[in-house]
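Tertiary structure, described
Here's the letter readout for the chains.
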Amino acid sequence: MAEAPRDYYATLGVGRDATPEELKRAYRRLARELHPDVNPDEGAQNRFKEVTIAYEVLSDPEKRRIVDLGGDPLGQGAGTAGNPFAGFGGFGDVFEAFFGGAGATRGGARRSRVRPGADALLQMSLTLEEAAFGVRRELNVETAVVCDKCQGSGCAPGTSPRTCASCGGTGEMQSVQRSFLGQVVTTRACVACAGTGEQIPHPCPGCGTEGRVRARRTITVDVPSGIEDGMRIRLAGQGEVGPGGGPAGDLYVEVAEKRHETFLREGSDLHCTIQVPMTAAALGTDLVLTTLDGEEKLDIRAGTQHGTVFTLRGKGVPRLRSSQRGDLLVHVDVRVPTRLDDEQERLLRELAALRHEDVSAVTRASGLFGKVRDAFNR
Ligand SMILES: [Zn+2]
Ligand SMILES: [Zn+2]
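The following refers to the structure shown. (Residues numbered from 1 in each chain as written. Chains lettered and ligands numbered in written order. Predicted model: local features only at pLDDT ≥ 70, side-chain atom pairs only at ≥ 80, totals over all residues. Heavy atoms only, no water.)

Right, let's get into the overall build of the protein. Summing up its helical and strand segments, the protein has nine helices and 15 strands in all. Counting over 378 residues, the protein shows a buried share of 34%. Within the protein, contacts between residues separated by at least 24 positions form 64% of all contacts whose residues are at least 6 apart in sequence. Accessible area for the protein stands at about 22,900 Å²; split by element, carbon and sulfur atoms hold 51% of it. (Helix = DSSP H or I, 4+ residues; strand = E, 2+ residues; numbered from the N terminus. Buried < 20%, exposed > 50% of the residue type's maximum accessible area, 1.4 Å probe, protein only. Contact = heavy atoms within 4.5 Å. Areas by Shrake-Rupley, 256 points an atom, 1.4 Å probe, with all protein chains shown as cover.)

With that settled, the discussion passes to the coordination of the zinc ion (ligand 1). Each protein donor to the zinc ion (ligand 1) is listed here as Cys147 (SG), Cys150 (SG), Cys204 (SG) and Cys207 (SG); together their distances run 2.2 to 2.3 Å. Relative to the metal, the four donor atoms surrounding the zinc ion (ligand 1) lie at angles of 105 to 115°, and the coordination shape comes out tetrahedral. Mapped onto the sequence, the residues coordinating the zinc ion (ligand 1) show the spacing C-x2-C-x53-C-x2-C. Judged by its relative accessible area of 8%, Cys150 is buried. (Donors = N, O, S within 2.8 Å, 3.2 Å for Na, K, Ca; no water. Tetrahedral: all angles 85-135°; square planar, octahedral: opposite > 155°, others 65-115°.)

Looking now at the coordination of the zinc ion (ligand 2). Protein-derived ligands of the zinc ion (ligand 2) are Cys164 (SG), Cys167 (SG), Cys190 (SG) and Cys193 (SG), with the metal-ligand distances lying across 2.2 to 2.3 Å. What the four donor atoms of the zinc ion (ligand 2) show is an angle range of 101 to 115° at the metal, which sorts the shape as tetrahedral. We note that the donor set of the zinc ion (ligand 2) lies within a single chain, spaced as C-x2-C-x22-C-x2-C. Remark: Cys193 occurs in the loop between β5 (182-189) and β6 (198-199) and Cys164 occurs in the loop between β3 (162-163) and β4 (172-179); sequence separation between them is 29 residues. The exposure class of Cys164 is buried, given its relative accessible area of 1%.

On to unusual backbone geometry, then. Most peptide bonds take the trans form, and the phi angle of most residues other than glycine is negative. The phi dihedral of Ala194 is positive, around 55°, even though this residue is not glycine. Within the secondary structure, Ala194 sits in the loop between β5 and β6. Positive phi, close to 55°, is recorded for His356, a residue that is not glycine. Assignment of secondary structure puts His356 in the loop between α8 (342-354) and α9 (367-377).

Reading across from one edge, β10-β11-β15-β14 is the order of the four strands in this open sheet, with mixed pairing throughout. Each edge of the sheet is formed by a strand with only one pairing partner; in this case those strands are β10 (264-266) and β14 (309-312). Mean inter-strand twist for the sheet, computed between neighbouring axes without regard to direction, equals 30°. Relative to strand β15 (residues 328-335), β14 runs antiparallel, the two sharing four bridges. What sits directly across from Leu312, in β15, is Leu328. (Pairing = 2+ DSSP bridges. Axes fitted to C-alpha atoms, helices over the stretch in contact; angles between N-to-C directions.)

Turning our eyes to something else, we now look at the packing of helix α3 (residues 42-58) against helix α4 (residues 61-68). Packing of α3 against α4 leaves a shortest axis separation of 6 Å and a crossing angle of 100°. Looking at the two axes, α3 sits roughly perpendicular to α4. Of α4, the residues touching α3 (which contributes Glu56, Val57 and Leu58) are Lys63, Arg64 and Val67. Taken together, the residues of the contact of α3 with α4 sort by class into three nonpolar, no polar and three charged. (Parallel < 35°, antiparallel > 145°, perpendicular 65-115°, else oblique. Nonpolar A, V, L, I, M, F, W, Y, C, P; charged D, E, K, R; others polar.)

A word on helix α2 (residues 20-34). Three or four residues apart is the spacing at which side chains of an α-helix point the same way, because the helix has 3.6 residues per turn. Taking 1.5 Å per residue as the helical rise, α2 with its 15 residues ought to reach 21 Å, and the 21 Å between its terminal C-alpha atoms agrees with that figure. Taken together, the buried positions of α2 are Leu23, Ala26, Tyr27, Leu30, Ala31 and Leu34. Buried residues of α2, viewed axially, fall in a sector of 130°; they line one side. (Expected span 1.5 Å × (residues − 1). Arc of directions from axis to C-beta.)

The following block contains the structure:
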């Protein structure tokens, strides 16, 4: 049985020459009036569906062309089965695209009492050795957990929530105002139920109506080797439980690395400075250095200069998630004696004379300029 094509223009209340802008305006106005969240009346709901279909058809140039040629792009059975949505993706899509997100379906504007919990952040201080090689740590954490008296429902045992009397369970309150634009319907979250559409007549003795309580617990954290100051370890689902016992957020443990008394860390490399007396630097010596891996012999060759850097390969910090390790860089600080007694001074002057080192000449000879001058004076 064929039926007469529906008049989409009349449904939206616009002329056949309506611009896309005018279509949009007409739909917006009607949707505000007829949307099921605003107008629970059944007649209004059917009208809302029709209006949405009309907008969907006319805002699509291809479908509108069919209408203008006297056809029905949704015809041939689409309108007969009592399912006006056959043939396209449901009015929720259109409404959502138009108004954006919430409100597309009935009850969509209602705020759930159960909401996801927040992430939590914790500081953990580690020594260089712990950060370098990893460590297992017990941490005391205080977060919201699900209330064990009500399992998150917020209701006293044996009771349950009831539909909010103020908003009838929609979670919203409408107020209608007249303005020069016509009737303006404003929607606000219901104050009585905080937008949830539910009220708890008998609150849980454990948590009030929150569904969660704060509690201390001990958790075990495995710190990976090579972690650095400021990095965060994420423990999924160990954060705050949400209102109404909602799913917990994540717990982040932020590493604060304590300063080491010998080593300065730079990524996976370590630096340290050793002080070598001038005489030892000149004559050469052996030195035992305590590294992260134990004692290491260091050979200071005769004639080692101030600022020399010895690199101990692989004696630094392991790289995160890698089997490689950084280096240990040992900086040499040659110390010149400062307080000489008469005998020491005499020996040094004797040494200078033997080496033909004129004490007054070297004071201005330094760097590139000094070397150039030396070449001319030779
Ligand atoms: Zn409770
Ligand atoms: Zn309410």
